Structures are given as structure tokens and as C-alpha cells.
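# Understanding the architecture of this molecule
Single-letter residue listing:
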Amino acid sequence: MIPTSGLIREIYQFYMRAAYRNSPVMATATAISICQTIIGRRIKGPTGLRTNDYHLVLAPTTSGKESPISISSQLFSAAGIVDWMMPEKIQSGNGMLKVLASNPCSLWVCDEFGYVLQSILDKKNRDANARQVANQLLTLYGKSSGVFTGSAYASGKTHAIHQPHLCVLGVSTGHTVFKEISLDQVIDGMLGRIAFWSVQERPKPNRGLVSD
């Protein structure tokens, strides 16, 4: 899947050298997410959609799931665009929109995105903040070529964002996500917007540079 040259290839190779457990699956998902964020609002497809995709890496425990976060942070910091990364902990939908309003092209790297998705899928969940996050993710996905008009409050309208472009790179265990999924949720709009990346076996520790 990895091109023989170009930025995706370079980020993939950096990940494989720098990660303690150098998983090709995690490296690929990370490279694509970063490049989609950098491309941002510069291109669009025939239907008007951009590259604002949601990725979820599923891996066993102690598989190096912290590396997508740390390596993304390293690269964005080195490029001087650390503000393009959302805070890892998003407490509410309004909090997400406030960050996105200040930088309409952002990457949210979430260590426990599985729990976020779990709370979204659980019909009995009473956490209003989790539901807000779910609703905003659903809405923002299709608004990347237009204007997200925000929400209306008694004090006025807030969070009007032109061409919002939010990419998500989440990591989780498979059990956390799939124990909540039913047939109804398979056809739900949220799951259809997520690219799942499965790490079948725990990657071995990185003992040195990895060849091309």
C-alpha cells in the first residue's frame, strides 16, 4: 500500500525507525492521517468531499498504541504546526468545535478512541458530552466543502467554521469497540465513516533501523 516515494513513504519509514514496536499497520494509518491533515482543504473529490477521514487502529494491549500519538506530535512539532493537533482529551462537542474554530484543519489523535466510540454506540449511555462529540463527528464529516454554521444558544450562534477539516487517528483494543456493536449500529452513519486498521499480532520491539 505504501508508495515507493513521497511524503507518505517518508513518514512511514520514520515511524518504523522511531516506534518502540514498529507495526506496519500503525505506521500506515499514521502516515495517511498526517498527510490527509496536511493536504487539508487544498483538494476535493468530484462529490466535494475532502481528505478528512476517521481512522481507528485496533491492536492488542501492550502493542505500542502510544506511538501514533507520540510520533504525530514529534512531526507536527518539528514542522512548527503543533497547533494543528487537537488536545488528546476532548470533553465535549462544544470543546471540539472551539478548538476547530481556531484552526479549521486539525488532527485529533485519541489514545482511547474505542471508549469514545463505545459511548457513542451504547444506546443506554446517559453521557450528554459523549453524545455531543458523536453528533459533531457525524455532522463535520460532510461539511468539509462548505460552512459549518454551528449551534444556536440563547446568547447567540457560535462556532461558524468555513470548510472544517477534522481528521481522527484513534487507537483502541478490538474488545472495547466490538462488544457494543449490534446490527443496527453497523448501518449507523458513524461506523460507515471510520476506517478500521487491525493489528493481528503484538509487534516485536524495534531493535534497530528498519530497511526499506
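Residues numbered from 1 in each chain as written. Predicted model: local features only at pLDDT ≥ 70, side-chain atom pairs only at ≥ 80, totals over all residues. Heavy atoms only, no water.

### Topic: the packing of aromatic side chains
As a reminder, the rule being used: Note on ring pairs: Phe, Tyr and Trp rings are taken, using the six-membered ring of Trp, and paired if centres are within 6.5 Å. Classes follow the plane angle, with under 30 degrees stacked, over 60 edge-to-face and the rest tilted. Strands here are runs of E lasting at least two residues and helices are runs of H or I lasting at least four, both read from the DSSP assignment and numbered beginning at the N terminus. For each residue, the accessible area found with a 1.4 Å probe, counting protein chains only, is set against the maximum for its type, and the residue is called buried under 20%, exposed over 50%, and partly exposed in between.
As enumerated under the stated definition, the model contains 2 aromatic pairs in all. Consider the rings of Y54 and Y141, whose centres lie 5.4 Å apart with planes at 65°: the pair is edge-to-face. In this pair, Y54 is assigned in strand β1 (residues 54-58) and Y141 in helix α6 (residues 128-141), connecting sequence segments 87 residues apart. The class of Y141 is buried, set by a relative accessible area of 19%.

### What about unusual backbone geometry?
The backbone of T62 sits at a positive phi, close to 50°, despite the residue not being glycine. Inspection of the secondary structure puts T62 in the loop between β1 and α3 (67-78). A positive phi angle, near 50°, is found at Q163, a position not held by glycine. Its relative accessible area of 30% is what places Q163 among the partly exposed residues.

### Some points on the sheet that holds strand β2 (residues 105-110)
To be explicit about the condition: Two strands pair under a simple rule: DSSP has to find at least two bridges between them. Lines fitted to C-alpha atoms define the axes here, with helix axes fitted over just the stretch in contact, and angles between the N-to-C directions of these axes take values from 0 to 180 degrees.
Spatially, 4 strands are ordered β2-β7-β1-β8 in an open sheet, and the strand pairing comes out parallel. The open sheet is flanked by β2 and β8 (194-198), the only strands paired with a single partner. Here the average twist between neighbouring strands, direction ignored, is 15°. One ladder, built from 6 bridges, connects β2 with strand β7 (residues 165-172); its direction is parallel. Looking across to β7, one finds that L107 is bridged to C167.

### Structural notes on the pairing of β2
Burial analysis of β2 places 6 of its 6 residues in the buried class, which makes it a mostly covered element. Burial of β2 is two-sided: the residues C105, L107 and V109 facing one way and the residues S106, W108 and C110 facing the other way are all buried.

### Concerning the environment of E88
Formally: The criterion used for residue contact is that any of the two residues' heavy atoms lie within 4.5 Å.
Inspection of the secondary structure assignment puts E88 in the loop between α3 and α4 (93-102). When its relative accessible area of 31% is taken as the criterion, E88 is described as partly exposed. The spatial distance from the C-alpha of E88 to the C-alpha of C110 is 5.3 Å, given a sequence separation of 22 residues. Look past the residues within four positions of E88 in its chain and what remains in contact with it is I69, W108, V109, C110 and D111.

### Describing the pairing of β1
With 5 of 5 residues buried, β1 lies mostly within the body of the structure. Neither face of β1 is exposed, since Y54, L56 and L58 on one face and H55 and V57 on the opposite face are all buried. Relative to β7, β1 runs parallel, the two sharing 5 bridges. Looking across to β7, one finds that V57 is bridged to V171. Bridge analysis of β1 against β8 gives 5 bridges, and the strand direction is parallel. Across the sheet, L56 pairs through a bridge with F196, a residue of β8.

### Some remarks on the packing of helix α1 (residues 7-18) against helix α2 (residues 24-39)
Quick note on the threshold: Working rule for angles: under 35 degrees goes down as roughly parallel, over 145 as roughly antiparallel, 65 to 115 as roughly perpendicular, anything else as oblique. Crossing handedness is defined as follows: a turn of the near helix away from the far one that is anticlockwise and smaller than a right angle gives a left-handed crossing, while the clockwise case is right-handed. In this count, Pro and Cys sit with the nonpolar residues alongside Ala, Val, Leu, Ile, Met, Phe, Trp and Tyr, while Asp, Glu, Lys and Arg are called charged and the others, Gly among them, polar.
Across the interface, α1 lies against α2 with an axial gap of 8 Å and an inter-helix angle of 135°. Comparing the axis directions of α1 and α2 gives the class oblique. The crossing of α1 and α2 is right-handed. Residues L7, I8, I11, Y12, Y15 and M16 of α1 form the contact with α2, whose participating residues are P24, M26, A27, T28, T30, A31, I34, C35 and I38. Within the contact of α1 with α2, the residues separate by chemical class into 13 nonpolar, 2 polar and no charged.

So, to be careful, I would describe these as geometric facts and stop short of saying anything about function.
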